[in-house]
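Residues per chain are reported as follows:
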Amino acid sequence: MAARRPGSTAPRWLLLLAAVLLSTAAPARALRFDLESGHTKCISDEIKVGAMAVGKYHVVSPDPNFPDAQLPESHRVSLRVTSPYGNSMHYAENVPSGHFAFTAAEAGDYLACFWAPDHKPPVTIGFEFDWRSGVSAKDWPNVAKKGKVDMMELELKKLEETIKNIHEEMFYLREREEEMQDLNRKTNSRMAWLGFLSLGICLSVAGLQLWHLKTFFERKKLL
């Protein structure tokens, strides 16, 4: 029987531990922002290819004592979500609330930009924005209802999905590391050629200066 190498299961235990921590973490809450009329606020999120992203947003009532009161006409926001290459994923104009969902076709930083119409005098608009992607974007209670699974099976599905997401993230980071190493090698090679070129130009200029001085002194009969 082949002896098991000590520590050979460490990566598997690390993955399992990270998955458990992620699966038992508290659900993310919506973020609260203040936007002044006539200004723009942008939020970015790095999303992988094929990952699902969902977002919900709504303007908060300016009167904290009456959170369900009807919003004034000045409290409206516009939103545009764009991909890393500038493709529009969602657009809404002068709305009190909204939501969006899409599957990323490009990898990179997706940008969500909010802006409000200019008012005189200026108005500060508070809004909440909840943006999730990957595993956290899945509506697990609805998945359980549709699949008619119990809580244990639901937790196992979440755990499996989280481990799969960590595995894909590791491969993605490995690819990014290889790209960065390749870029570093190309940059070092170009810097080396630039250094040799600079050295050659310096030596050529020094030689021309010596030749010019020699010719000058010979013309003046100093040599």
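Analysis parameters
Every chain is numbered independently, its residues counted from 1 as its sequence is written. It should be noted that, the model being predicted, local features are given only for residues of pLDDT at least 70 and side-chain atom pairs only at 80 or more, the latter also being counted only at that level, while totals for whole chains, interfaces and linings use all residues. To get the side-chain values, take all heavy atoms of the structure and skip hydrogens and water. UniProt positions are given in the numbering used here, feature names are shortened, and annotations may be inferred rather than shown by experiment. Strands are runs of DSSP state E lasting at least two residues, helices are runs of H or I lasting at least four, and both sets are numbered from the N terminus onward. Only protein chains enter the accessibility calculation, which uses a 1.4 Å probe. A residue is then buried if its area is under 20% of the maximum for its type, exposed if over 50%, and partly exposed in between. Only heavy atoms matter for contacts: two residues are in contact if any of them lie within 4.5 Å across the pair. All accessibility values rest on the Shrake-Rupley procedure with a 1.4 Å probe; residue burial counts only the protein chains present in the view. Residues belong to a common nonpolar core when they are buried Ala, Val, Leu, Ile, Met, Phe, Trp, Tyr or Cys residues joined through side-chain atoms within 4.5 Å. Each pair of strands is called paired provided DSSP finds at least two bridges between the two strands. Only C-alpha atoms enter the line fits that serve as axes; for helices the fit covers just the stretch in contact. Angles between N-to-C directions range over 0 to 180 degrees. For Phe, Tyr and Trp, where Trp contributes only its six-membered ring, two rings pair if their centres lie within 6.5 Å, and the inter-plane angle classes them as stacked under 30 degrees, edge-to-face over 60, or tilted in between. Cysteine sulfur pairs qualify as disulfides if the two atoms are within 2.5 Å.

- As named in an unreviewed UniProt entry, the protein is GOLD domain-containing protein, taken from Eragrostis curvula.
- Recorded in UniProt under Subcellular location (unreviewed entry), the annotation for the protein is "Membrane".
- UniProt's Sequence similarities (unreviewed entry) comment on the protein is quoted here verbatim: "Belongs to the EMP24/GP25L family."

### Remarks on the overall build of the protein
No. 1: Secondary structure assignment for the protein yields three helices and eight strands.
No. 2: Starting at the N terminus and ending at the C terminus, the protein contains elements arranged as α-β-β-β-β-β-β-β-β-α-α.
No. 3: Counting across all 223 residues of the protein, residues that qualify as buried make up 25%.
No. 4: In the protein, the proportion of contacts linking residues at least 24 apart, taken out of those at least 6 apart, comes to 74%.
No. 5: Roughly 16,500 Å² of accessible area belongs to the protein as shown, and the carbon and sulfur atoms make up 59% of that amount.

### Some remarks on the nonpolar core
No. 1: Formed by 26 residues in total, the largest nonpolar core has its most connected members in I47, Y57, F100, F114, F129 and W131.
No. 2: Among the secondary structure elements, those contributing two or more residues to this core are β1 (31–36), β2 (40–47), β3 (52–59), β4 (77–82), β5 (88–95), β6 (97–103), β7 (108–115) and β8 (124–133).
No. 3: Ranked by residues supplied to this core, first place goes to β8 with four residues.
No. 4: Other than its neighbours up to four places away in sequence, W131 contacts I43, S44, D45, I47, A53, V54, G55, F100, Y110, L111 and A112.

### Let's talk about the sheet that holds β5
No. 1: Pairing in this open sheet of four strands is antiparallel, and the strands run β2-β7-β4-β5 from one edge to the other. With one partner strand each, in any of the chains shown, β2 and β5 form the two edges of the open sheet. Neighbour-to-neighbour, the strand axes of this sheet turn through a mean angle of 15 degrees, independent of strand direction.
No. 2: In this structure, β4 lies alongside β7, joined through five bridges in antiparallel fashion. What sits directly across from R80, in β7, is C113.

### Some words on the side chain of S37
No. 1: Inspection of the secondary structure assignment puts S37 in the loop between β1 and β2.
No. 2: Apart from the residues lying within four places of it in its own chain, the contact partners of S37 are A116, P117, D118, H119, P122 and V123.

### Looking at the packing of aromatic side chains
No. 1: In total, this model carries 11 aromatic pairs according to the counting rule given.
No. 2: Ring plane angle 75 degrees and centroid distance 5.1 Å describe the contact between F114 and F129, whose orientation is recorded as edge-to-face. Of this pair, F114 sits in strand β7 while F129 is found in strand β8, placing the two residues 15 residues apart along the sequence.
No. 3: Among the residues examined, F114 registers a relative accessible area of 0% and is labelled buried.
No. 4: The class of F129 is buried, set by a relative accessible area of 3%.
No. 5: One aromatic cluster is present, built from ring pairs that chain together F33, Y57, F100, F102, Y110, F114, F127, F129 and W131.

### Focus: the state of the cysteines
No. 1: In total, this model carries one disulfide according to the counting rule given.
No. 2: With its sulfur 2.1 Å from that of its partner, C42 forms a disulfide with C113. Taking the sign of the torsion about the S-S bond as the criterion, the disulfide between C42 and C113, at about 105 degrees, is right-handed. Taken together, the residues C42 in strand β2 and C113 in strand β7 connect sequence positions 71 residues apart.
No. 3: Judged by relative accessible area, which is 14%, C113 ranks as buried.

### Quick word on the pairing of β3
No. 1: Burial along β3 is one-sided: A53, G55, Y57 and V59 are buried, and none of M52, V54, K56 and H58, which face the opposite way, are.
No. 2: Sheet analysis places β3 next to β6, joined by seven bridges and oriented antiparallel. Residue pairing across strands places A53 opposite F102, the latter belonging to β6.
No. 3: Two elements, β3 and β8, share seven bridges in a ladder whose sense is antiparallel.

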